[in-house]
Amino acid sequence: MKKYAFDLDGTVTTVETLPLLANELGLSTEINFLTALTLNGTIPFDISFRLRYSILKEIPSERIAEIMATVPLNVEIEKFIREHRSECVIVTGNLDRWIEPISARIGCEIYASTVEDGRLNVLDKGAVIRRLKKTVDRVIAVGESFNDVSMMEAADVSIAFGGVHRPIDAAVSTADYVVFDGATLCRLLSALAAE
């Protein structure tokens, strides 16, 4: 039995979602800057996400849901996930309640950051993969940024995906494969399933 573990932002989605939310506050430039620094590893993900969360949590939850419901998804990847729902998981540092509209559209299991008793718990992607490996024979991870590296290192097979951003060097050097479009990625995932 295997699991396909996908990053969400910039992998399954065709945009980064937090800058979209920041438009609501007129802070897209600032959040884009933080996001770029995070993607390339200049700022650790947990610190950056805490900063971005403290800013974006001011947006009413209903409005966040409206925005997230319109986030475009990579058509090929979305189709692959729908066809292999029980074998696919999303592993994202994004906040579980923010991405609920995306979760509903995709329909597979999702691991995300949470807020409990007012405290933000930032997801450790590598820890998720290590837990999954205890329940399945093989985990195939797909991501592109610095916070995906721990997930990719822990996986049995890792793929750096450059559908939205060029994968960072650390993701590329960790990856077993590097692909740049959804159709190629899905063909590769299907080929790996046959092994």
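Residues numbered from 1 in each chain as written. Predicted model: local features only at pLDDT ≥ 70, side-chain atom pairs only at ≥ 80, totals over all residues. Heavy atoms only, no water.

Undergrad: What am I meant to see in empty space enclosed by the protein here?
TA: Once rolled over the atoms, a probe with the size of a water molecule shows which space is left empty. Within this structure, the stated rule accounts for 1 cavity of 30 Å³ or more. As a volume, the largest cavity reaches approximately 160 Å³. Considering the residues around the largest cavity, the lining is formed by 19 residues, among which Asp9, Glu16, Phe45, Arg52 and Asn147 are closest to the centre. Among the secondary structure elements, those contributing two or more residues to the lining of the largest cavity are helix 2 (17-23), helix 3 (28-39), helix 4 (45-56) and strand 2 (88-95). Across the lining of the largest cavity, the residue classes tally to 5 nonpolar, 8 polar and 6 charged. (1 Å grid on protein atoms, 1.4 Å probe; cavity = no way out; pocket = protein on both sides within 12 Å on 5 of 7 lines; lining within 4 Å. Points joined across faces, edges and corners; volume = space filled by probe spheres on them. Helix = DSSP H or I, 4+ residues; strand = E, 2+ residues; numbered from the N terminus. Nonpolar A, V, L, I, M, F, W, Y, C, P; charged D, E, K, R; others polar.)

Undergrad: Help me understand the packing of helix 3 against helix 4 in this model?
TA: The description of two helices packed together rests on the angle between their axes and the distance between the axes. Direction vectors running N to C along helix 3 and helix 4 enclose 165 degrees, while the axes themselves pass 9 Å from each other. For the element pair helix 3 / helix 4, the angle class is roughly antiparallel. Between helix 3 and helix 4 lies a crossing whose hand is left-handed. Contact residues: Ile31, Leu34, Thr35 and Thr38 in helix 3; Phe45, Ser48, Leu51, Arg52, Ile55 and Leu56 in helix 4. (Axes fitted to C-alpha atoms, helices over the stretch in contact; angles between N-to-C directions. Parallel < 35°, antiparallel > 145°, perpendicular 65-115°, else oblique. Left-handed = near helix turned anticlockwise from the far one by under 90°. Contact = heavy atoms within 4.5 Å.)

Undergrad: Before we go on, may I ask you to explain the packing of aromatic side chains in this structure?
TA: For any pair of aromatic rings, the description rests on two quantities: the centre-to-centre distance and the angle between the ring planes. Per the stated rule, a full pass over the model turns up 5 aromatic pairs. Residues Phe6 and Phe80 carry aromatic rings whose centres are separated by 6.4 Å and whose planes lie at 65 degrees to one another, so their mutual orientation is edge-to-face. Of this pair, Phe6 sits in strand 1 (residues 2-6) while Phe80 sits in helix 6 (residues 75-83), placing them 74 residues apart in sequence. You'll find Phe6 and Phe80 in the same group, each marked buried. Connected via pairs of aromatic rings, a cluster forms that spans Phe45, Phe49, Tyr53 and Trp98. (Phe/Tyr/Trp six-rings, centres within 6.5 Å; stacked < 30°, edge-to-face > 60°. Buried < 20%, exposed > 50% of the residue type's maximum accessible area, 1.4 Å probe, protein only.)

Undergrad: Is there a simple way to think about helix 5 (residues 61-69) in this case?
TA: Each full turn of the α-helix corresponds to 3.6 residues, which orients residues three or four apart in the same direction. Looking only at helix 5, the buried set comprises Ile64, Ile67 and Met68. Down the axis of helix 5, the smallest arc covering the buried residues is 95 degrees, so these residues share one side. Close packing links the buried residues of helix 5 with helix 2, helix 4, strand 2 and helix 7 (100-106). (Arc of directions from axis to C-beta.)

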